[in-house]
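These are the residues of each chain, in order.
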Amino acid sequence: MNKKHVREEEIIDFLNGDTEESENFKIEEHISECEQCKQLYLFWQEALPTGNETIPSPFLKIRVDKRLKRGWLQKRQIQKPFAVAAGMMIIMIVCLSLPDLLRQSVTTEPKYEIFQNSEIKDQEIFVSNPQVEKQEIVPIANNEVNGEVWVNNETSEILLELYGLSGLDQNDHQLWIVDHQNRAKGEILMVENGTTRVLYRLDDLSHYKFLKGSLEPLGGSHQPTGPETFFVTFE
Ligand SMILES: [Zn+2]
């Protein structure tokens, strides 16, 4: 094999039919044996307009030189199928996980844990935490319910201390936490001597708008129905 590479100009001339008959054999032979020149030949074969004998613009030439330096011409043939396969994989993954994503966005409900009275083990730590904001609860109408609320924005915990919860024969005091979709989740308050303590551990405080109390039929309700007793907002 002729060790000397075919010059790029020669390849272009060859493709344009401008090379001497005697040269053609040497060029063909070299191209058939030299991968580098073959790729250059194949590139120009693709890039040159057929039947047009003008030399390509300097811009195109620079691009080709850069591609040669990076080994782009050699890789180009291999990368194409890989890129297509990778693209198809991504499409497949998106299609397969789409029902999951949709279902999640529809059914994901805010989650929390709730503890009352003696279930609350660490209220002192919570109350004395400097990160915690203390608020007074806002009673509604002539209600005797009063109390305090501690909100820890960092841990998404809320501690409530309520007083003046009168003993009721026909009703239960129920506590509701309401999220930004106006979904209320209720908990019957375990009242002891007119007081109760409730600790919420929320997944994310920012999902919620407010807490409120209401009077519900004995055993509680799924949604707030009775007269409201107090309000706590944490927005
Ligand atoms: Zn060569």
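Residues numbered from 1 in each chain as written. Predicted model: local features only at pLDDT ≥ 70, side-chain atom pairs only at ≥ 80, totals over all residues.

*Asks:* I tried to follow the overall build of the protein on my own but got confused; where do I start?
*Replies:* Broken down by element type, the protein carries 6 helices and 10 strands. Residues classed as buried in the protein amount to 19% of the 235 residues present. Looking at the protein alone, contacts between residues at least 24 apart form 61% of all its contacts between residues at least 6 apart. (Helix = DSSP H or I, 4+ residues; strand = E, 2+ residues; numbered from the N terminus. Buried ≥ 20, exposed ≤ 12 C-beta atoms within 10 Å, placed from the backbone. Contact = placed C-beta atoms within 7 Å.)

*Asks:* How do you make sense of the nonpolar core when you look at a structure like this?
*Replies:* Across soluble globular proteins, you tend to see nonpolar side chains buried next to one another. In terms of nonpolar packing, the biggest core is built from 22 residues, with V149, I158, L159, L160, V198 and Y200 touching the most fellow members. Contributing elements (two or more residues each) for this core: β4 (146-152), β5 (157-163), β6 (171-179), β8 (196-202), β9 (208-217) and β10 (228-233). (Core = buried A, V, L, I, M, F, W, Y, C linked by C-beta atoms within 7 Å.)

*Asks:* Before we go on, may I ask you to explain unusual backbone geometry in this structure?
*Replies:* With the exception of glycine, most residues fall at negative phi, and the peptide bonds are largely trans. For N117, which is not glycine, the phi torsion reads 45° and is therefore positive. Within the element layout of this structure, N117 appears in the loop between β1 (112-116) and α6 (123-128). A positive phi is found at S156, a non-glycine position, where the angle reads about 55°. Counting through the fold element by element, S156 comes out in the loop between β4 and β5.

*Asks:* Any chance you could explain the pairing of β4 here in plain terms?
*Replies:* The side chains of a regular strand alternate, residue by residue, between the two faces of the sheet. Pairing geometry for strand β2 (residues 132-136) and β4, over 5 bridges, is antiparallel. Residue pairing in the sheet places E133 in a bridge with V151 of β4. Two elements, β4 and β5, share 7 bridges in a ladder whose sense is antiparallel. Residue pairing for β5: N152 is matched across the bridge by E157. Hairpin remark: β4 followed by β5, antiparallel, with 4 residues in the connecting loop; positive phi at S156, about 55°. (Pairing = 2+ DSSP bridges.)

*Asks:* How should the confidence of the model for the protein be read in this particular structure?
*Replies:* The predicted coordinates ought not to be read in detail in places where the model reports low pLDDT. For the protein, mean pLDDT is 79; residues scoring 70 or higher make up 74% of the total. Segment residues 72-78: pLDDT under 50, and 7 contacts once partners within four positions in sequence are set aside and those in other chains are kept. (pLDDT = per-residue confidence, 0-100.)

*Asks:* Whenever I open this one, the sheet that holds β4 confuses me. Can you help?
*Replies:* Sheet strands associate in pairs through backbone hydrogen bonding, adopting either a parallel or an antiparallel arrangement. In space, the 5 strands of this open sheet follow the order β1-β8-β5-β4-β2, with antiparallel pairing throughout. Edge positions in the sheet fall to β1 and β2, since each has one partner strand and no second. Going from strand to strand, the sheet's axes swing by 15° on average, the running direction of each strand aside. (Axes fitted to C-alpha atoms, helices over the stretch in contact; angles between N-to-C directions.)

*Asks:* Quick question: what am I supposed to make of the environment of I140 here?
*Replies:* Here I140 shows up in the loop between β3 (138-139) and β4. Residue I140 is classed as partly exposed on the basis of its 15 C-beta neighbours within 10 Å. With 73 residues separating them along the chain, I140 and G213 place their C-alpha atoms 9.2 Å apart. Not counting chain neighbours up to four residues away, the residues in contact with I140 comprise E228, T229, F230 and F231.

*Asks:* In this structure, what is going on with the sheet that holds β6? I would like to understand it.
*Replies:* Pairing within the open sheet is antiparallel, and its 5 strands lie in the order β3-β10-β9-β6-β7. Among the strands making up the open sheet, the edge pair consists of β3 and β7 (184-188). Looking at chain direction, β9 and β10 are connected through 5 bridges and run antiparallel. Directly across from S214, in β10, lies its bridge partner E228.

*Asks:* Got a minute to help me understand the packing of helix α1 (residues 8-16) against helix α3 (residues 35-47) in this structure?
*Replies:* Here α1 crosses α3 at 50°, and the two axes come no closer than 10 Å. Compared by their axis directions, α1 and α3 come out oblique. For the pair α1 and α3, the crossing hand works out as right-handed. Between α1 and α3, the residues in contact are E8, I11, I12 and L15 and L40, Y41, W44 and Q45, respectively. (Parallel < 35°, antiparallel > 145°, perpendicular 65-115°, else oblique. Left-handed = near helix turned anticlockwise from the far one by under 90°.)

*Asks:* Looking at this model, I keep getting lost on α3. Mind explaining?
*Replies:* In an α-helix, one full turn covers 3.6 residues, which means residues spaced three or four apart are oriented alike. Between its terminal C-alpha atoms α3 stretches 18 Å, which fits the 18 Å expected from 13 residues at 1.5 Å a residue. Residues C37, Q39, L40 and Y41 constitute the buried set of α3. (Expected span 1.5 Å × (residues − 1).)

*Asks:* Would you take a moment to explain the environment of H173 for this structure?
*Replies:* Relative to the elements of secondary structure, H173 occurs in strand β6. C-alpha separation for the pair H173 and I188, spaced 15 residues apart in sequence, amounts to 6.0 Å. With sequence-adjacent residues up to four places away left out, H173 is seen in contact with L165, L189, V191, G213, L215 and T229.

*Asks:* Even after reading the chapter, I still don't get the environment of E23, so can you show me in this structure?
*Replies:* Summarising the element assignment, E23 is placed in helix α2 (residues 21-33). Considered as a pair, E23 and E10 are 13 residues apart in the sequence and their alpha carbons are 9.4 Å apart.

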